[in-house]
Amino acid sequence: MVDRPNKPSALAATPGLQPQAQVTISHGNSRVTASLPTGESVEVLLYGATVLSWKDASGDEKLWLSEGAKLDGTKAVRGGIPLVFPVFGTAPDHEATSKLPQHGFARNSRWEFLGKSTSESSSSSVKLDFGLSSENLDDAARSLWPYKFGLLYSVTLDRESLRTALVITNEGDVPFEFQTLLHTYFKIKDISSVQITGLEDSPYHDKVDGVKGKNQSSDPVAFSGETDRVYTPVKGPSHPVIISDGGEAKFRIVRDNLDDVVVWNPWVDKSAGMGDFEPKDGWKNMVCAEAGAVSSWQKLEKGDAFEGAQTIYLK
Ligand SMILES: O=P(O)(O)OC[C@H]1O[C@@H](O)[C@H](O)[C@@H](O)[C@@H]1O
């Protein structure tokens, strides 16, 4: 069932059954929020279709959002889950995307809210759909990347998980190549006691030391300085990547069709150099683990579609 957006709305109770507490949706001019009757919530900014907030039933925030993040459409959001498309970083050697800004245009474009979907019987999950296509791209972005495409981004809030899924379609006559990434900023207590497992024995490209060759380690990832690595986990997307904080597993990330995981923490100097990174010691409380397809190019022929997703479980 797909409802058109309304403000605010609630799911109708099923006739003949006990009236259920309702999922609530509010849709303003700039953002959409959804809450489950049990208290979990998600908030999405239409600019970039950026997930800004994901809270559990007790109201505990799971995503890190900079206090200096611009939420007015003047800059990609520093925090939450910005969407990277069609290029990861910059690619001066890849002609078709070489003129695009860092991480492409999806995170800097205003998306359309397409509506919510729910199952008739359940008020324990809600899916919000967002769309962006070449038709509603601004002229500047369209002139830098003149392909016809459609993006459908679905954000599904469940009691114990958040799923973000992107479907990319080629709606033009010529093939195009792209990279994509779900740039998730996780909120953590203390980076010095964070470990990430699931990336052991997997080749990675270290963007900090700039050495192009592949590295690899049999240990979990731990943090003691600026970290910026592109992993291609050997066990494939369905093997979970787990973030633990102070010895306790906090997030379990399972990917669909996204072969790479970028691990990023800017540490002291890089944070100091980012005008929208606040507080300046905020790097202690965040880590990015970013599911994506970025270590090579995905090619989409005319009429073809690519779907990639992550599901983040709290247990
Ligand atoms: O400052 P931006 O454009 O949001 O990028 C943040 C970081 O994003 C990560 O995905 C990259 O691996 C880093 O190299 C980059 O610094």
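Residues numbered from 1 in each chain as written. Predicted model: local features only at pLDDT ≥ 70, side-chain atom pairs only at ≥ 80, totals over all residues. Heavy atoms only, no water.

> When you look at the site of the ligand in this model, what are you seeing that I'm missing?
Taken together, the residues surrounding the ligand are Arg78, Phe88, Gln102, His103, Arg107, His183, Lys207, Asp228, Val262, Trp264, Lys270 and Glu290. At 3.2 Å from an oxygen atom of the ligand is found a side-chain nitrogen or oxygen belonging to His103. Relative to its free-state accessible area of 390 Å², the ligand is covered by the protein chains to the extent of 88%. In terms of residue class, the shell around the ligand is built from three nonpolar, three polar and six charged. (Near = heavy atom within 4 Å. Polar contact = N/O pair within 3.5 Å; in protein donor to acceptor, adjacent residues only side chain to side chain. Areas by Shrake-Rupley, 256 points an atom, 1.4 Å probe, with all protein chains shown as cover. Nonpolar A, V, L, I, M, F, W, Y, C, P; charged D, E, K, R; others polar.)

> Would you explain the nonpolar core in this entry?
Where a protein is soluble and globular, its nonpolar side chains tend to be buried together. The biggest cluster of nonpolar side chains holds 74 residues, and the ones touching the most others in it are Trp111, Leu128, Phe130, Tyr153, Ile196 and Ile243. The greatest single-element share of this core, amounting to seven residues, is contributed by strand S21 (residues 286–300). The residues contacting Phe130, other than those within four sequence positions of it, are Val32, Val44, Leu46, Ala49, Trp111, Glu112, Phe113, Leu114, Leu151, Leu152, Tyr153 and Val155. Counting six residues, the second largest nonpolar core, distinct from the first, contains Val84, Leu181, Val230 and Val294. (Core = buried A, V, L, I, M, F, W, Y, C linked by side-chain atoms within 4.5 Å. Buried < 20%, exposed > 50% of the residue type's maximum accessible area, 1.4 Å probe, protein only. Helix = DSSP H or I, 4+ residues; strand = E, 2+ residues; numbered from the N terminus. Contact = heavy atoms within 4.5 Å.)

> Looking at this model, I keep getting lost on the packing of aromatic side chains. Mind explaining?
How two aromatic rings sit relative to each other is set out by the distance from centre to centre and by the angle between their planes. As enumerated under the stated definition, the model contains 20 aromatic pairs in all. A centroid spacing of 4.4 Å and a plane angle of 40 degrees characterise the contact between Trp267 and Trp283, whose relative ring orientation is tilted. In this pair, Trp267 sits in helix H2 (residues 267–272) while Trp283 sits in the loop between H2 and S21, placing the two residues 16 residues apart along the sequence. Given a relative accessible area of 10%, Trp283 falls into the buried group. The rings of Phe85, Phe105, Trp145, Tyr147, Phe149, Phe176, Phe178 and Phe306 are connected pair by pair, giving a single aromatic cluster. We note Arg252 situated over the ring of Tyr313; from NZ or CZ to the ring centre the distance is 4.4 Å. (Phe/Tyr/Trp six-rings, centres within 6.5 Å; stacked < 30°, edge-to-face > 60°. Lys NZ or Arg CZ within 6 Å of the ring centre and 35° of its normal.)

> Help me understand the UniProt feature "active site" (unreviewed entry) in the protein, please; the structure alone is not making it clear to me.
Within this structure's numbering, the places UniProt gives as "active site" (unreviewed entry) are His183 and Glu290. Across 108 residues, the annotated set stays spatially compact, with a maximum C-alpha separation of 4.7 Å. Structurally, His183 is set in the loop between strand S12 (176–182) and strand S13 (185–187). The class for His183 is buried, based on a relative accessible area of 6%. Summarising the element assignment, Glu290 is placed in strand S21. Every residue in contact with Glu290, bar those within four places of it in the chain, is listed here: Leu181, Leu182, His183, Thr184, Asp260, Val261, Val262 and Trp264. (UniProt positions renumbered as here; feature names shortened; annotations may be inferred.)

> For this particular structure, what's the right way to read the pattern of salt bridges?
Two side chains bearing opposite charge may form a pair once their charged atoms approach each other closely. Within the structure shown, the criterion is met by 12 salt bridges. With a closest N to O distance of 3.0 Å, Glu43 and Arg31 form a salt bridge. Here the residue Glu43 occupies a position in strand S5 (residues 41–45), and Arg31 occupies one in strand S4 (residues 31–35), the gap between them amounting to 12 residues. Arg31 sits in the partly exposed class, given a relative accessible area of 28%. Between Asp206 and Arg229 there is a salt bridge, with its nearest N and O atoms 4.0 Å apart. Taken together, the residues Asp206 in strand S15 (residues 204–206) and Arg229 in strand S17 (residues 227–231) connect sequence positions 23 residues apart. As far as burial versus exposure is concerned, Asp206 and Arg229 are alike and both buried. A single salt-bridge network, built from bridges that share partners, covers Asp56, Asp60 and Lys62. (Salt bridge = Lys/Arg side-chain N within 4 Å of Asp/Glu carboxyl O.)

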